[in-house]
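Summary of structural features
So you can see what is in the structure, the chains are spelled out below.
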Amino acid sequence: MQKPICQANPGPSWSRLLIWGICFLPQLTGAQNSVDPAYQPANTLAETLPETLSKINTRLEADLAALPKPNKKFLAKEYKERADSLKSELLQGSFLMDDRWNPWFQNILEEILRHNPDVAARDITLLLSRYESPNARCVGEGTLVFNIGLLPFLENESQVAFILCHELAHYHNNHGNQALHQYINTLYSPEMQKQLKEISRGTYNKTERALELMKGMAYNGRRHSRFKESEADSLGFVFFSRTGYQLKEAVGALQILDSIDKSHWPRIPYDSLFQSKGFPFQNSWLEQKGLGGGFSTQATQPSSSTEFNEDSLKTHPDCPERIKLTQAQVEALGKDTGKAFLQDETQFHTMQQKTPYELVEGLYQTGHYGRSLFRALVMLTKKRDDAYLNAMVVKNLYEICQYQRNHRMRHVVDLPDPEYSAEYNRFLKFINQFRTSEFQQLTYHFYLERWEKYKHTEDFMFAAVLATSLKPENPDFQSRLDEYLTTYPKGKYLDHIKAMKD
Ligand SMILES: [Zn+2]
């Protein structure tokens, strides 16, 4: 049974929390020592999904009805696109809907709302996304999105709470819609239209000139939270200061956001990970020309925010100024009697440890196979014997193989880019060098080397079916497929396996 992500009528959360703390955590800890060590990703579909979708629709209708006359048609289009994009994210499983995750965040939101009755609690839906970008956003119509990619960077519950307060302030002051209206009204203003017409009548550099004209005013639903940042900090802090959380952690959160780009990737040991009897590792795979020493470069270069699909919060240029202003607010209040944690601290750390797994899973589920593979390999540097990660490497390699065979690898694997971190580029150079036949060998033998060790897990057994299917003449394919169907007659990959059988 799934709990609703957002309860329109928040009940007493602390009793639920107590049940959670006593009953659930020992199970989680126990699971780590059980026979099957494969990681089980969080659920992304809940019975409450229709309810969440209908809430978005209802809100959209109300918003459309309240639009001002000028540019109404264009505004309505933006509002609809925003709602559609959120709905498709929900339907493709981008958000966690899982009792091991959501209640902990929902309880924070309820603590904030309980102490801030002037915020329209019934409008707010908190979604927990699997996006890797260390960020949170306020969609503008009441939905707040917290990317779990942010979680490993934070130190405590109070910091999570302050970030939610900041997003809630964006909503309360209607920043998202203000940014949208400002954009549409500028774009469709008589002056702007006149200038755009002049450019289009011209004969040269039309695109550049149009872009130059629109520079700085581009609206992007994912970026509008950059609008009025200090105001959101300041009001967010007021919300935050009424809760039981530790006030100085608002500054702590901002300081962390300011330094997020300084994180590092470990160096992936391709030679040992891809060593196999059947397809021995060749040192030449690490010595390609034109890499500009890419493989020998120490992977100490900071990971760039451009590696993430969205902007990182770091890209706010005014972070040091925001820290100073928030610090002044903390000092003005004098005493700081709140707590860093109001809920079980263990669960916070457990979720932080699970986050990298969820990011690998989320990237895989949304077809970002190259990035998912990269993160799985990064994790394998420290967790060599992790069944889930080893299966994930095979699953991602298999998908990339399919795309490569159809000359569409670019859709799922990036090309190296100077904007990316050294280690991610090193990965991209490694993975982009293989011909289709070599890629299939690499995948097949990665699986074969590990089969005996991990064949007791469903994930790896599914990975085995995929890997053996790359060599149809190989009799292993049929036996792996039959083994899966016999062992997991109701398995989670059943549909996929059946489709491969036909
Ligand atoms: Zn913001």
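Cut-offs and rules
Residues numbered from 1 in each chain as written. Predicted model: local features only at pLDDT ≥ 70, side-chain atom pairs only at ≥ 80, totals over all residues. Helix = DSSP H or I, 4+ residues; strand = E, 2+ residues; numbered from the N terminus. Buried ≥ 20, exposed ≤ 12 C-beta atoms within 10 Å, placed from the backbone. Pairing = 2+ DSSP bridges. Core = buried A, V, L, I, M, F, W, Y, C linked by C-beta atoms within 7 Å. Contact = placed C-beta atoms within 7 Å. pLDDT = per-residue confidence, 0-100. Axes fitted to C-alpha atoms, helices over the stretch in contact; angles between N-to-C directions. Parallel < 35°, antiparallel > 145°, perpendicular 65-115°, else oblique. Left-handed = near helix turned anticlockwise from the far one by under 90°. Nonpolar A, V, L, I, M, F, W, Y, C, P; charged D, E, K, R; others polar. Expected span 1.5 Å × (residues − 1).

**Some points on unusual backbone geometry**
One non-glycine residue, N205, lies in the positive phi region at around 50°. Checked against the element boundaries, N205 lands in the loop between α7 (190-201) and α8 (206-214). Despite not being glycine, H407 shows a phi value in the positive range, around 55°. For H407, the location among the structural elements is in the loop between α15 (387-405) and α16 (422-431). The exposure class assigned to H407 is exposed, which follows from the 9 C-beta atoms found within 10 Å.

**So, the sheet that holds strand β1 (residues 95-96)**
As summarised here, the arrangement of the four strands in space is β1-β2-β4-β3, forming an open sheet in which the pairing is mixed. Strands with a single pairing partner mark the edges of an open sheet, and in this sheet they are β1 and β3 (136-138). Two elements, strand β2 (residues 125-129) and strand β4 (residues 143-147), share five bridges in a ladder whose sense is parallel. Following the sheet pairing, T125 is matched in β4 by T143.

**Section: the nonpolar core**
A376, L377, V393, V394, L397, A463 and A467 are the most contacted members of the largest nonpolar core, which has 52 residues in total. Only α13 (345-365), α14 (369-380), α15, α16, α17 (436-454), α18 (458-469) and α19 (476-487) provide two or more residues apiece to this core. Broken down by element, the residue count for this core peaks at 11 residues, all from α15. When neighbours within four sequence positions are excluded, A467 is seen to be in contact with V394, Y398, T443, Y444 and Y447. Among the nonpolar cores identified, the runner-up in size contains 51 residues, and A42, V139, L247 and I260 belong to it.

**Considering the pairing of β2**
A large share of β2 lies buried, amounting to five of its five residues. Residue alternation in β2 divides its side chains into two sets, T125, L127 and S129 and L126 and L128, and both sets are buried. Of the strand pairs in this sheet, β1 and β2 are connected by two bridges, and their pairing is antiparallel. From the neighbouring strand, L96 faces β2, where its bridge partner is L128.

**Looking at the environment of M392**
By secondary structure assignment, the location of M392 is in helix α15. Note on M392: 28 C-beta atoms within 10 Å, which makes it buried. For M392, the contacting residues outside a window of four places in its chain are V360, Y364, S372 and A376.

**With respect to the confidence of the model for the chain**
Of the residues in the chain, 84% have a pLDDT of 70 or more, and the chain-wide mean is 85. Confidence over residues 290-302 falls short of pLDDT 50; this stretch has 22 contacts with residues more than four positions distant or in other chains. Here residues 309-315 scores under 50 on pLDDT; set against residues more than four positions off or in separate chains, the count is 22 contacts.

**Things to note about the packing of α13 against α15**
Packed helices, taken two at a time, are described by their axes: the angle between them and the distance between them. Interaxial distance between α13 and α15 falls to 11 Å at its minimum, and their mutual angle equals 20°. In terms of orientation, α13 lies roughly parallel with respect to α15. Judged by the sense of rotation from one axis to the other, the crossing of α13 with α15 is left-handed. Here Y357, V360 and Y364 of α13 lie close against α15, whose contacting residues are Y388, M392, K395 and N396. Along the lines of polarity and charge, the residues of the contact of α13 with α15 split into five nonpolar, one polar and one charged.

**Digging into helix α5 (residues 157-172)**
Compared with the 22 Å implied by 1.5 Å per residue over 16 residues, the 22 Å span of α5 between its first and last C-alpha is a close match. Burial within α5 is extensive, with 16 of its 16 residues counted as buried. N174, located one to two residues past α5, shows a positive phi value of around 60°.

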